[in-house]
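# Architecture and fold: a report
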Amino acid sequence: MKYAEKEFTLDLKEKIKNNEAALKDLIEKLLDENKSVFKKKGLDFDVGYDRLGNDPFHPGYSSSISIGISDENGEHTDLYIINIWECDRYFMGMPISMKIPGSRIAGELLDESYEDIEVELKGYIEEQLKFNND
């Protein structure tokens, strides 16, 4: 869901932080549940939480979770990324890095529920296990 700068509130900031914390916990749980299963198949299963910036309402801030799978040689076979929040400066609908007159700041928040993301990630993991079983 997109938010204009005028919609940036303390409630939204709290929602962003809560989503980040909940999804970070989710991927850690998935790592604990699945690392050994992938290891038995000769694959490395890793998860990550990435954040750029300190203030969610500052252009350039972004947060995401990721799941990576590598083969026994350490080469990535798959990477799955879900963006949680991104804040950028826009001019005429295009993201820009510089502040120029007429530009606007906006953010985009993941609009799926925790439960939907959990189902999505578990489905992705099952698919990868099935694909790498062949």
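Data block above holds the structure.
Below: a short report on this structure.

On to the overall build of the chain, then. Each helix and strand in the chain was counted, giving two helices and six strands. Taken from the N to the C terminus, the helices and strands of the chain come in the order β-α-β-β-β-β-β-α. By principal-axis analysis of the C-alpha atoms, the chain measures approximately 55 × 30 × 20 Å. Counting all 134 residues of the chain, 35% fall into the buried class. Taking the intrachain contacts of the chain between residues at least 6 apart in sequence as the baseline, contacts between residues at least 24 apart amount to 56%. Carbon and sulfur atoms make up 51% of the accessible area of the chain, which amounts to about 8600 Å² in all. The distance from the centre of the 17 positive side-chain charges to the centre of the 29 negative ones in the chain is 5 Å.

Turning next to the environment of A21. For A21, the position within the fold is in helix α1 (residues 10–40). For the pair A21 and Y49, spaced 28 residues apart in sequence, the C-alpha to C-alpha distance is 9.6 Å.

It is worth spelling out the packing of aromatic side chains at this point. How two aromatic rings sit relative to each other is given by the distance of their centres and the angle of their planes. Applying the stated rule across the entire model yields six aromatic pairs. Their ring planes at 15° and their centres at 4.3 Å tell us that F8 and F57 sit as a pair that is stacked. Here F57 lies in the loop between β2 (44–52) and β3 (62–70) and F8 lies in the loop between β1 (2–4) and α1, a separation of 49 residues in the sequence. There is no split in this pair, since F8 and F57 are both buried.

In terms of nonpolar packing, the biggest core is built from 20 residues, with F45, L121 and I125 touching the most fellow members. Of all the secondary structure elements, the ones that give two or more residues to this core are α1, β2, β3, β4 (76–91) and α2 (114–131). With near-sequence residues (within four places) excluded, L121 lies in contact with L26, I27, L30, I65, I67, Y80 and I82. Judged by nonpolar contacts, the second largest core, of 10 residues, contains L12, Y61, I105 and L109.

Take the pairing of strand β6 (residues 104–109) next. In regular strands, side chains alternate between the two faces of the sheet. Summarising the sheet, β1 and β6 pair through three bridges and their orientation is antiparallel. Each residue of the ladder has a partner; that of K2, found in β6, is E108. Examined bridge by bridge, β4 and β6 share six bridges and lie antiparallel to one another. Residue pairing for β6: E86 is matched across the bridge by E108.

A few words on a negative patch on the surface. A cluster of acidic residues, D25, E28, D32, E33 and D46, forms a negative patch on the protein surface. The dominant element in the negative patch, judged by the number of residues it contributes, is α1, at four residues. Structurally, E33 can be placed in helix α1.

Reading the values: the criteria
- Along every chain, residues carry numbers that run from 1 in the direction the sequence is written.
- Confidence filtering applies because this is a predicted model: local features only for residues at pLDDT of at least 70, side-chain atom pairs given and counted only at 80 or more, and all residues used for totals across whole chains, interfaces and linings.
- Just so you know, side-chain values use all the structure's heavy atoms and leave hydrogens and water out.
- For the purposes of this entry, the term helix denotes a DSSP run of H or I that reaches at least four residues, the term strand denotes a run of E that reaches at least two, and both are numbered from the N terminus.
- Partly exposed residues are those whose accessible area sits between 20% and 50% of the maximum for their type, while under 20% is buried and over 50% is exposed, using a 1.4 Å probe and protein chains only.
- Note on contacts: a residue pair qualifies if any of its non-hydrogen atoms lie within 4.5 Å across the two residues.
- Only the protein chains shown count as covering a residue, and every accessible area follows the Shrake-Rupley method with a 1.4 Å probe.
- As used throughout, the charge tally considers Lys and Arg to be positive and Asp and Glu to be negative, leaving His and the chain termini uncounted.
- A single reference atom marks each charge: NZ on Lys, CZ on Arg, CG on Asp, CD on Glu.
- Each pair of aromatic rings taken from Phe, Tyr and Trp, with Trp reduced to its six-membered ring, is defined by centres within 6.5 Å and is described as stacked if the planes are under 30 degrees apart, edge-to-face if over 60, and tilted in the remaining cases.
- Residue types Ala, Val, Leu, Ile, Met, Phe, Trp, Tyr and Cys, when buried and joined through side-chain atoms within 4.5 Å, form a set referred to as a nonpolar core.
- Strands are labelled as partners when DSSP assigns at least two bridges between them.
- Residues enter patches when they are more than 30% accessible in relative terms and free of salt bridges; like-charged ones are connected within 9 Å and nonpolar ones (Val, Leu, Ile, Met, Phe, Trp, Tyr) within 5 Å.
- One speaks of a salt bridge when a side-chain nitrogen belonging to Lys or Arg is within 4 Å of a carboxyl oxygen belonging to Asp or Glu.

Any functional reading would require information beyond the geometric quantities listed.
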